[in-house]
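Spelled out from the first residue to the last, the chains are:
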Amino acid sequence: MPATLLCVVPNPSIDRTAVVERIELGAIHRPPRVVAVPGGKGLNVARAARSLGAEVEAVALLAGRAGQWIDDELGRMGIRHETAWADGETRTCLSVLDASTGRMTEFYESGGRVRAVQWRRFEALLAESIDRSEPGSLVAVSGSFPAGVGAAAAARLVRSARRARRRILVDTSGPWLAAALGARPDVVKVNAVEAGAVLGRAIESEPEALGAAIDLVELGGRSAIVTRGPLGAIGWDGERGWAVDPPRVDGSHAVGSGDAFLAGVAIALLRAESFDRQLRRAAAAAAASLLEAGPGNLRRRTAERLLATTTIRRIR
């Protein structure tokens, strides 16, 4: 079996995307199209990486009938996955695109509270999956953590991968990000708002983003990437700073573009590509996802085409 991207999914959801002609407050809307996918950041990364050609496995904590739907859909898609089960119901998140403005309005449920014994089963299941994975495999921890799970859990997940000598990517926020950094992940990828929250300052300009990436490495990451939406991303590999300028596309489906970005980083790592190439491939994948409804949905051919027009430059 080839090296695998193992996606950790602590707080999955059914991600629904609706497109309406125009959002009007207080009105009834009947969207002509709704796309539903097994989501949450971890599953968005898994589906995007699989579209890009990676061998993927997901480990997800599910609950209720919504969780069963996710389990069934992953099976239908042919995505290898392991599941632990909790009480209650897996959450649903809704994104509504106003076609007249291109703006997205999002409604994210927080998910139910997870009992300690259920979380321990999830961690044990993940450790087993990591141990089974081929040398050279990657582990990606991304997204929020469910209620009842403290920040120390994020550090334990990182350490579980490190004990097995697997490289680990982290994309989370708040105290869970701070805890994960302390466990020394190989790559930390966050947006400017998330970076600013953990560092205690606003991140707005390119130099501020580079400073944030450097500080994230000082806090424990071996390399760090700060994404800036349509302005691209800044990366620090421990020695050099890089800015990637994304290709221009006429797409409005920004939800999940950060997950496609992380999938692009993972693909490049599995191919042993350089850090600057990782950034280029990630930006091209994120741009390709803007063209498809449903977070994590993209076309490999589009991403490869956009890679040719994705530019990167050294920055100080």
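Residues numbered from 1 in each chain as written. Predicted model: local features only at pLDDT ≥ 70, side-chain atom pairs only at ≥ 80, totals over all residues. Heavy atoms only, no water.

Next up on the list: the overall build of the chain. Each helix and strand in the chain was counted, giving ten helices and 14 strands. Its C-alpha atoms give the chain a radius of gyration of 18 Å, near enough to 20 Å, the size a compact globule of 316 residues would have. Principal-axis analysis of the C-alpha atoms gives the chain an extent of 50 × 45 × 40 Å. When the 316 residues of the chain are sorted by exposure, 53% land in the buried category. A fraction of 68% describes how many contacts in the chain between residues 6 or more apart in sequence connect residues 24 or more apart. Total accessible area on the chain stands at roughly 14,000 Å², and carbon and sulfur atoms take up 49% of it. (Helix = DSSP H or I, 4+ residues; strand = E, 2+ residues; numbered from the N terminus. Rg over C-alpha atoms; globule rule 2.2 N^0.38 Å. Buried < 20%, exposed > 50% of the residue type's maximum accessible area, 1.4 Å probe, protein only. Contact = heavy atoms within 4.5 Å. Areas by Shrake-Rupley, 256 points an atom, 1.4 Å probe, with all protein chains shown as cover.)

So, on to the sheet that holds strand S6 (residues 91–98). Reading across the sheet, the four strands line up as S3-S2-S6-S7 and stay open at both edges, with mixed pairing between neighbours. Every other strand in the sheet has two partners, leaving strand S3 (33–39) and strand S7 (103–108) as the edge strands with one partner each. Here the strands of the sheet are splayed against their neighbours by 20° on average, with no regard to which way each runs. Where strand S2 (residues 13–20) meets S6, eight bridges bridge the pair, whose relative direction is parallel. Bridging across to S6, Val-19 finds its partner in Leu-97. (Pairing = 2+ DSSP bridges. Axes fitted to C-alpha atoms, helices over the stretch in contact; angles between N-to-C directions.)

Here we take up the packing of aromatic side chains. Tallied over the full model, the rule gives three aromatic pairs. Note on Trp-119 and Phe-145: the rings are 5.9 Å apart at their centroids and 50° apart in plane angle, and the pair reads as tilted. Of this pair, Trp-119 sits in helix H3 (residues 116–132) while Phe-145 sits in the loop between strand S8 (138–142) and helix H4 (152–163), placing them 26 residues apart in sequence. Residues Trp-119 and Phe-145 agree in their burial class; the two are buried. Joined through ring pairs, the aromatic side chains of Trp-119, Phe-122, Phe-145 and Trp-176 make up one cluster. (Phe/Tyr/Trp six-rings, centres within 6.5 Å; stacked < 30°, edge-to-face > 60°.)

For the rest of this paragraph, the subject is the environment of Gly-26. Here Gly-26 is to be found in the loop between S2 and S3. Between the C-alpha atom of Gly-26 and that of Thr-172, which follows or precedes it by 146 residues, the distance is 34 Å.

Pairing is mixed across the open sheet formed by ten strands, whose spatial order is S5-S4-S1-S8-S9-S10-S11-S12-S13-S14. At either margin of the open sheet sits one strand with a lone partner, and together these are strand S5 (80–86) and strand S14 (311–315). Shown here is a sheet whose adjacent strand axes are inclined to one another by a mean of 20°, direction ignored. Summarising the sheet, strand S11 (residues 223–227) and strand S12 (residues 233–236) pair through four bridges and their orientation is antiparallel. If you follow Ala-224 over to S12, its bridge partner there is Trp-236. Across the sheet, helix H2 (residues 64–77) lies against strand S4 (56–63) and S5, angled at about 170° from S5, the strand it touches most. Sheet strands touched by H4: strand S1 (5–9), S8 and strand S9 (167–171). Its angle to S9, the strand with the most contacts, is close to 160°.

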